[in-house]
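A look at the structure
Single-letter residue listing:
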Amino acid sequence: RAKKQGKGCAVLFDAAMRTDALRRLQIQTDLRWAMEREEFQLYYQPIIELSTGKIAGFEALLRWEHPQKGFISPAEFIPVAEETGIIVALGEWVLREACRQLHVWKEKFISHSSLMMSVNLSSQQFTADLSQRIDQILRETHVLGRELKLEITETAIMADPQLAIATLNELKRREIKICIDDFGTGYCSLGYLHQFPVDILKIDRSFVNQMQASDKREIVRVIVELAESLRMDAIAEGIETKEQYFLLAQLNCKYGQGYFFSKPLHPNEAEQWLIGTRKVG
Ligand code: C2E
Ligand code: MG
Ligand code: MG
Ligand code: MG
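In what follows, the accompanying structure is described. (Residues numbered from 1 in each chain as written. Chains lettered and ligands numbered in written order. Predicted model: local features only at pLDDT ≥ 70, side-chain atom pairs only at ≥ 80, totals over all residues. Heavy atoms only, no water.)

1. Here's the deal with the coordination of the magnesium ion (ligand 2)
- Each protein donor to the magnesium ion (ligand 2) is listed here as Glu-59 (OE), Asn-120 (OD1), Glu-151 (OE) and Asp-181 (OD); together their distances run 2.0 to 2.2 Å.
- Here the donor residues of the magnesium ion (ligand 2) are spaced in sequence according to E-x60-N-x30-E-x29-D.
- Between the magnesium ion (ligand 2) and the magnesium ion (ligand 3), both coordinated by Asp-181, there is a metal-metal distance of 3.8 Å. One end of the pair, Glu-59, is in strand E2 (residues 54-66); the other, Asn-120, is in strand E4 (residues 116-120), and 61 residues separate them in sequence.
- Judged by its relative accessible area of 5%, Glu-59 is buried. (Donors = N, O, S within 2.8 Å, 3.2 Å for Na, K, Ca; no water. Helix = DSSP H or I, 4+ residues; strand = E, 2+ residues; numbered from the N terminus. Buried < 20%, exposed > 50% of the residue type's maximum accessible area, 1.4 Å probe, protein only.)

Structure follows, in structure tokens:
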């Protein structure tokens, strides 16, 4: 009987694996057409200055509405886009679209003159010509380097630290802000960290959403203090409760984002934050 059950499990497991593999293959195929079919859209999550509760900027987050499968999470399709190399073209579209939107909002809401736009970057976009490509986009969209933040992971930097340092220095010359995303979850030697022209550490939400526990709170405190001593700012991601917000403000963490303030929003909804009808709390 045990044997029979075991075999049954094996069959089920096989079937599940096949379904996964098929879905992945489908995504891989459909990704090739998705850009020209205009199935991508950027959503924007507000980033809040914790001491004032005011909006400081947005993080652009990619959304894909598949014609049959509906919305597919970037956590699922970004890795596939990275494998196939499509991420380079897609990432460039994201940058251009996010900058275009930032410029539109700055023209429309002149009181938000210091609004920033954060854009996620894949390691594969980290090529020698990245800064020239960005120059082109900034020129086209009338956005200044200092209005842009690029989010990269520790893993992406550590894949080729020398290339990373050279590229990041190029970006810094344009006053573009560099942010290490999901900080604390990857591998980044502290020896390297101070060599990188990084401006912001973004504390991973796995630490933030367990801040009620004192050991996790200590990790957050240490990252905020590390940022401070390296003359960097800290952003906390994944703030879901008022308690987390207050604890982070107490620790002098400069910025935060998370469902407590707002989920990522369609551009029309995001505008409500700029009009001023949306407030923290
Ligand atoms: P990320 O850059 O760390 O983005 C934060 C993710 O956390 C987003 O998921 C966001 O919706 C989610 N989030 C924000 N606040 C909360 C919260 O309070 N609670 C919880 N549970 N989640 C929260 P999303 O949009 O699904 O994106 C997932 C990941 O996909 C991103 O993680 C990023 O690594 C990647 N990604 C998204 N857009 C792009 C893009 O344009 N280019 C690249 N290369 N990667 C992207
Ligand atoms: Mg990010
Ligand atoms: Mg993150
Ligand atoms: Mg994350």
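So, next bit.
2. What about the pattern of salt bridges?
- Here the structure, examined in full by the defined rule, presents 16 salt bridges.
- With a shortest N-O distance of 3.0 Å, Lys-202 and Glu-59 are connected by a salt bridge. Here the residue Lys-202 occupies a position in strand E7 (residues 200-203), and Glu-59 occupies one in strand E2, the gap between them amounting to 143 residues.
- Two residues, Arg-174 and Asp-135, come together in a salt bridge whose shortest N-O distance is 2.6 Å. With Arg-174 in the loop between helix H6 (161-173) and strand E6 (177-183) and Asp-135 in helix H4 (residues 130-141), this residue pair connects regions lying 39 residues apart in the sequence.
- Judged by its relative accessible area of 19%, Arg-174 falls in the buried class.
- Because the salt bridges share partners, they merge into one network encompassing Glu-92, Arg-96, Asp-129, Arg-133 and Glu-140. (Salt bridge = Lys/Arg side-chain N within 4 Å of Asp/Glu carboxyl O.)

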